Amino acid sequence: MRILFLLCLVFTVMPSTARDVDVVVGWNKPPYVISQEHSGFEVDLIRAILADMGHSLSPIYVPFGRTSRLLKDNTVDIGLTLNSAHSVDEAILTDPYIIYQNVAVTRADRKLEINSIEDLRGKSVIAFQTAQSVLGEAFGEIVSAQPTYIEMARQDRQVDMLMLGSVDVVILDRNIFNFFKSESRAYADEEIVFHELFPISSYSAAIPDPELRATFNATLHAFIDDGRYQKLLDKYKLDNLLYKLPTPVTQ
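Residues numbered from 1 in each chain as written. Predicted model: local features only at pLDDT ≥ 70, side-chain atom pairs only at ≥ 80, totals over all residues. Heavy atoms only, no water.

Asks: Explain the pattern of salt bridges to me, and be specific about the residues and the numbers.
Replies: For the structure on display, the rule yields 13 salt bridges. Note that arginine 228 and aspartate 226 form a salt bridge whose closest N and O atoms lie 3.0 Å from each other. Classification of arginine 228 as partly exposed rests on a relative accessible area of 30%. Each of Asp44, Arg47 and Lys235 takes part in one network of salt bridges that share partners. (Salt bridge = Lys/Arg side-chain N within 4 Å of Asp/Glu carboxyl O. Buried < 20%, exposed > 50% of the residue type's maximum accessible area, 1.4 Å probe, protein only.)

This is how it looks when you write it as structure tokens:
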């Protein structure tokens, strides 16, 4: 009955005119975004949701930090992978559609004791763009005072820098790290340690148009309820964090 209700809601709010929807997507971050193939979990998910809405996906790949700027300029329809910690109006955020698990990663042979954010002090750290803003006040306070802290758009380079010994710690999503490490045979035998310093982070899409946002939310929940969301998780070998998503606050 819930699926039927959601499908009825989708068709009730679905706009009558199909169109290409401009969607801002962060640069290559497999398995979530594989930009050269226009695929990945997030890209496939949003494409499927838009298709159910009668639209097609027109992706715009940019460094992650530019997404909120493009939204403010009113030049795009949707921005992905955003939450209240970013510089975006919370009123335009959809219900959460994905969860990331950011971790601190070190080489096992370094034998670094990192049991809290405080233990990052004095170490060379490289993180994803906007990490200082979204990983909490304590993290931001520590890394802002460290000249050895940098943020980088290319997450494959983060992994390279750790594995080659150029930095002590990288901070990124667990699944992204595993993907890039598995891509290089040179790193196959290198042992690493995940330090779970951060809570899971749920992310939404930012959609300024209220009608488009309402339709997206309804379609997203129908997609979850009919099992296609889980099938997409399985396709990309992602941990099933679906049931840890916050309670919907559909707008």
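Still to come is the rest of the account.
Asks: Can you tell me about the side chain of histidine 86, naming the residues and giving the values?
Replies: Along the polypeptide, histidine 86 turns up in the loop between strand E3 (78-82) and strand E4 (98-100). Given the relative accessible area of 10%, histidine 86 is considered buried. Every residue in contact with histidine 86, bar those within four places of it in the chain, is listed here: Phe64, Thr81, Thr130, Val134 and Tyr203. (Helix = DSSP H or I, 4+ residues; strand = E, 2+ residues; numbered from the N terminus. Contact = heavy atoms within 4.5 Å.)

Asks: Tell me what's going on with the packing of helix H6 (residues 155-163) against helix H7 (residues 174-183), and back it up with residues and numbers.
Replies: Orientation of H6 relative to H7, taken along the N-to-C sense of each, is 70 degrees, at an axis distance of 9 Å. Taken together, the axis directions place H6 and H7 in an arrangement best described as roughly perpendicular. In this structure, H6 meets H7 at a crossing whose hand is right-handed. Note on element contacts: H7 touches H6 through Ile176, Phe177, Phe180 and Lys181, opposite Gln155, Asp156, Val159, Leu162 and Met163. (Axes fitted to C-alpha atoms, helices over the stretch in contact; angles between N-to-C directions. Parallel < 35°, antiparallel > 145°, perpendicular 65-115°, else oblique. Left-handed = near helix turned anticlockwise from the far one by under 90°.)

Asks: For the pairing of strand E1 (residues 20-26), give the residues involved together with the corresponding values.
Replies: Extensive coverage of E1 is indicated by the burial of five of its seven residues. Across seven bridges, E1 lies against strand E2 (residues 56-62) in parallel orientation. Residue pairing across strands places aspartate 20 opposite serine 56, the latter belonging to E2. Following the backbone out of E1, through helix H2 (residues 41-52) and into the adjacent parallel E2, one traces a crossover that is right-handed. (Pairing = 2+ DSSP bridges. Right-handed = clockwise from strand over helix to strand, strands pointing away.)

Asks: I'd love a proper account of the environment of alanine 205, names of residues and values included.
Replies: Topologically, alanine 205 is positioned in strand E10 (residues 201-206). The buried category is assigned to alanine 205, whose relative accessible area is 0%. In this structure the C-alpha to C-alpha distance between alanine 205 and valine 23, which are 182 residues apart in sequence, comes to 9.4 Å. Excluding anything up to four places from it in sequence, alanine 205 contacts Ile78, Gly79, Leu80, Ile92, Leu93, Thr94, Tyr97 and Phe216.

Asks: How would you summarise the packing of aromatic side chains if you had to cite specific residues and measurements?
Replies: Summed over all chains, the structure comprises seven aromatic pairs. Summarising the aromatic geometry, the rings of phenylalanine 139 and phenylalanine 198 are spaced 5.6 Å apart at their centres and angled 85 degrees between planes, so their arrangement reads as edge-to-face. On the criterion of sequence distance, the pair formed by phenylalanine 139 in helix H5 (residues 137-144) and phenylalanine 198 in the loop between strand E9 (192-195) and E10 is long-range, its members being 59 residues apart. Consider the rings of phenylalanine 177 and phenylalanine 194, whose centres lie 5.8 Å apart with planes at 85 degrees: the pair is edge-to-face. Of this pair, phenylalanine 177 sits in helix H7 while phenylalanine 194 is found in strand E9, placing the two residues 17 residues apart along the sequence. (Phe/Tyr/Trp six-rings, centres within 6.5 Å; stacked < 30°, edge-to-face > 60°.)

Asks: Now, about the nonpolar core: what can you tell me, with residues and values included?
Replies: Core analysis: the biggest nonpolar cluster contains 48 residues, and Phe41, Leu45 and Ile78 have the highest contact counts within it. It is H2 that contributes the most residues to this core, six residues altogether. With sequence-adjacent residues up to four places away left out, leucine 45 is seen in contact with Tyr97, Phe223, Tyr229 and Leu232. In this structure, Ala104, Ala131, Val134 and Val169 belong to the second largest nonpolar core, which totals 18 residues. (Core = buried A, V, L, I, M, F, W, Y, C linked by side-chain atoms within 4.5 Å.)

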